[in-house]
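The chain contents come next:
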Amino acid sequence: MTCLLCDKTLHDQPTWQHFLGIQKDAFACSICFEKFERIDRVIEGDVLDSVDSLYAYNEAAREYLHQFKFMQDVALAQIFAPSLRSVLNDSKKIVVPIPMHPINKRKRTFSQVDALLEAAKIPYQSLLEKTTESVMGEKSRSERLAMTELFRVTADIQRNEAVYVLVDDIYTTGTTLRHAAEALKQRGVQRVEAVTLFRPIREK
Ligand SMILES: [Zn+2]
C-alpha cells in the first residue's frame, strides 16, 4: 500500500497504534500526515452553539482540499477518517453534512463532506438542501449577509431534543454553518454544533 499523498510505500510494520487498535489502516505516511497541524479549536457561538475545527488550514490542507475537491480523488477521504471518527463518535448526536448545491454536485460528481463521513463510517442524515448556487467566497460580506435563505430542511425533524452536528470541510466566515444552524433551529432543533476539518488560523 502506498501513501495517498506522496505515493511512497507505507511500511507494514505494526506501530503501537496498530497494537492498541487505535489505528487500523494508515492511508498517509507520517511525513505527509505531520504536515497537517492539529488545532482542535472550539468556539462557542450564537445560533451555532459550538464549532470544533480539527486542523489548521495550512499549505498541506490547501493542497489536500484542492486534490480532493477539484481532482475528484475520492480515496483521499480516508486520510481523515480516524480524526473525524474520534470527534463524531457520539451516537446520540445526529450528524448532518453541509450539502453542496445540486448543480455543483453534478459538476464535481461527489460531495466531499459525504465522502469524508462515509470513509469514517459515520452515519449521517442529509436533512439540508442548498437553495443558492453561488460559491460563498465569490460574494462580498454584505452580499453574504443579505442572503436570507441558504438552506432548506428537506425532511421532518423527528427528534428536536437531540443534538445536531453539522459537518463541513472548512470553516471560513462561519456564514454557511450559521445559516444551516438557523434552518434547523427554525424547525425546533434546540442545539446545533458543528465540526469542520479545517479552519484558517490567522483570521481577519
Ligand atoms: Zn506520504
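As a reminder, the structure under discussion sits directly above these lines.
From a predicted model like this one, the values you see are computed outputs, not experimental measurements.

### Looking at the coordination of the zinc ion
Looking at the metal site, the zinc ion is ligated by C3 (SG), C6 (SG), C29 (SG) and C32 (SG), spaced 2.3 Å from it. Around the zinc ion sit 4 donor atoms; with metal-centred angles ranging over 104 to 116°, the donor geometry is tetrahedral. Look at where the donors of the zinc ion fall in the sequence and you get C-x2-C-x22-C-x2-C. Of this pair, C6 sits in the segment before α1 (16–20) while C29 is found in the loop between α1 and α2 (30–33), placing the two residues 23 residues apart along the sequence. On the basis of relative accessibility, which here comes to 28%, the residue C6 falls in the partly exposed class.

### A look at the sheet that holds strand β3 (residues 94–97)
Strands pair in a sheet through their backbones, by hydrogen bonds, and they do so in one of two ways: parallel or antiparallel. Reading across from one edge, β1-β2-β7-β6-β3 is the order of the 5 strands in this open sheet, with mixed pairing throughout. Every other strand in the sheet has two partners, leaving β1 (38–44) and β3 as the edge strands with one partner each. Within this sheet the neighbouring strands show an average axis-to-axis angle of 20°, counted without direction. Packing against the sheet, helix α3 (residues 59–70) makes contact with β2 (50–56), β6 (163–170) and β7 (191–199), and its axis sits at approximately 100° to β7. Contacting β3, β6 and β7, helix α6 (residues 112–119) runs over the sheet at an angle of about 115° to β6.

Rules and cut-offs
- Residues numbered from 1 in each chain as written.
- Predicted model: local features only at pLDDT ≥ 70, side-chain atom pairs only at ≥ 80, totals over all residues.
- Heavy atoms only, no water.
- Donors = N, O, S within 2.8 Å, 3.2 Å for Na, K, Ca; no water.
- Tetrahedral: all angles 85-135°; square planar, octahedral: opposite > 155°, others 65-115°.
- Helix = DSSP H or I, 4+ residues; strand = E, 2+ residues; numbered from the N terminus.
- Buried < 20%, exposed > 50% of the residue type's maximum accessible area, 1.4 Å probe, protein only.
- Pairing = 2+ DSSP bridges.
- Axes fitted to C-alpha atoms, helices over the stretch in contact; angles between N-to-C directions.
- Contact = heavy atoms within 4.5 Å.

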